[in-house]
Amino acid sequence: MTLVAVSKTAPASRVRAAVAAGLTVLGENRVQEAAGKVPEVPGAIWHLVGPLQSNKARRAVELFDVIESVDSVELAVRLDRLAGEVRPGRPLPVLIQVNVDADAAKAGFAPADAWAAVEAVLALPNLRLDGLMTIGRLATSPEDARATFRELRELGLALRARYPGLGPELSMGMTDDYEVAVEEGATIVRVGRAIFGERPRIADPDAEQR
Ligand SMILES: *Cc1c(COP(=O)(O)O)cnc(C)c1O
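Because the structure is predicted, anything quoted here is derived from the model rather than measured. (Residues numbered from 1 in each chain as written. Predicted model: local features only at pLDDT ≥ 70, side-chain atom pairs only at ≥ 80, totals over all residues. Heavy atoms only, no water.)

**Describing the overall build of the chain**
Secondary structure assignment for the chain yields eight helices and eight strands. What you see for the chain is a C-alpha radius of gyration of 16 Å, in line with the 17 Å of a compact globule of 210 residues. When the backbone C-alpha atoms are referred to their principal axes, the chain occupies close to 45 × 45 × 30 Å. Among the 210 residues that make up the chain, the fraction classed as buried is 48%. (Helix = DSSP H or I, 4+ residues; strand = E, 2+ residues; numbered from the N terminus. Rg over C-alpha atoms; globule rule 2.2 N^0.38 Å. Buried < 20%, exposed > 50% of the residue type's maximum accessible area, 1.4 Å probe, protein only.)

Structure (structure tokens):
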């Protein structure tokens, strides 16, 4: 089980304190914010958990150790090319993001499209496909996310039966629903507010702060 401490909006000083306390795997959802923070926080492993625009892909490959939010084959192809340049001989670990609930507000492949996505990403030599990622349903009770997490696990099992090269990771669960996610088989949880506290309200309308 990997705990990704999602440090978006937390200043570097607080993130350094978290690393000193043993939280060495960190998550950010925006490349620009990470670019300022990563050099200030040595000794950590960084996961990108937010949507990635193609014009920021090179910077993302330079900054992050894992890209959890691969949501198009086009992006995967670009990351593969960049990883070959930026980190030759060291395939970049990625997860495919699945929009289990077909939520228009969320990125990710529809479950039906995940098959072609897995096949395409497995063919890219500079990426290592570690597994799948999803975001739970925003709801009143954590229980409401259980069906989403269960579906991701079942999809992962089905996909691996056909594509054994797909890794076993299931990144699911955040502050409000990580316990349910763990019960449903999460191998990675991404927890922000429960570690760093509530985030300040809206600094940037583009930032997906959920
Ligand atoms: C912000 C964020 C998290 C962490 O959310 P919390 O509710 O603070 O735990 C996890 N995953 C993604 C994709 C995020 O954007």
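**A word on the pairing of strand 3 (residues 45-48)**
Alignment of strand 2 (residues 25-28) against strand 3, held across four bridges, turns out to be parallel. The residue bridging L26 from the neighbouring strand is W46, located in strand 3. Of the crossover connections in this fold, the one passing from strand 2 over helix 2 (residues 31-37) to the parallel strand 3 is right-handed. Of the strand pairs in this sheet, strand 3 and strand 4 (residues 66-70) are connected by two bridges, and their pairing is parallel. Bridged to L48 within strand 4 is I67. Of the crossover connections in this fold, the one passing from strand 3 over helix 3 (residues 57-63) to the parallel strand 4 is right-handed. (Pairing = 2+ DSSP bridges. Right-handed = clockwise from strand over helix to strand, strands pointing away.)

**Concerning helix 5 (residues 111-122)**
Here helix 5 contains 12 residues, and its C-alpha end-to-end distance of 17 Å stays within 8% of the 16 Å for a straight helix at 1.5 Å per residue. Within helix 5 the residues assigned to the buried category are A114, A117, V118 and V121. Seen end-on, helix 5 carries its buried residues on one side only, within an arc spanning 105°. When the buried face of helix 5 is taken as reference, the exposed residues oriented beyond 90 degrees from it are A112 and A116. For helix 5, the secondary structure elements touched by its buried residues are helix 4 (73-86), strand 5 (92-97), strand 6 (127-133) and helix 6 (146-162). (Expected span 1.5 Å × (residues − 1). Arc of directions from axis to C-beta. Contact = heavy atoms within 4.5 Å.)

**Thoughts on the nonpolar core**
Judged by nonpolar contacts, the single largest core of 56 residues is most densely connected at L52, F64, I67, L79, I96 and L132. The greatest single-element share of this core, amounting to five residues, is contributed by helix 4. Apart from residues lying up to four places away in sequence, F64 is in contact with E28, V31, A34, W46, H47, L48, R87 and L92. Ranked by size, the runner-up nonpolar core spans eight residues in total, among them V6, L95, M133 and I135. (Core = buried A, V, L, I, M, F, W, Y, C linked by side-chain atoms within 4.5 Å.)

**Remarks on the environment of D103**
Of note, D103 is situated in the loop between strand 5 and helix 5. Using a relative accessible area of 28% as the deciding quantity, one classes D103 as partly exposed. Distance from D103 to S141, taken between C-alpha atoms, is 17 Å for residues 38 residues apart in sequence. Among the polar contacts made by the side chain of D103, one reaches the main-chain amide nitrogen of A105 at a distance of 2.7 Å. (Polar contact = N/O pair within 3.5 Å; in protein donor to acceptor, adjacent residues only side chain to side chain.)

**A word on the pairing of strand 6**
Counting buried residues along strand 6, six of its seven residues qualify, which places the element largely inside the surrounding structure. Relative to strand 6, strand 5 runs parallel, the two being bridged by six bridges. Looking at strand 6, one finds that P93 is bridged to R128. In this view, the connection linking strand 5 to its parallel neighbour strand 6 by way of helix 5 has right-handed handedness. As a crossover connection, the stretch from strand 6 through helix 6 into strand 7 (residues 169-171) is right-handed.

**Some remarks on the site of the ligand**
Lining the immediate surroundings of the ligand are 12 residues, of which K8, T175, G192, R193 and R199 lie closest. Within the contact set of the ligand, an oxygen atom lies 2.8 Å away from a backbone nitrogen or oxygen of G192. Residues of the shell around the ligand, tallied by class, amount to five nonpolar, two polar and five charged. (Near = heavy atom within 4 Å. Nonpolar A, V, L, I, M, F, W, Y, C, P; charged D, E, K, R; others polar.)

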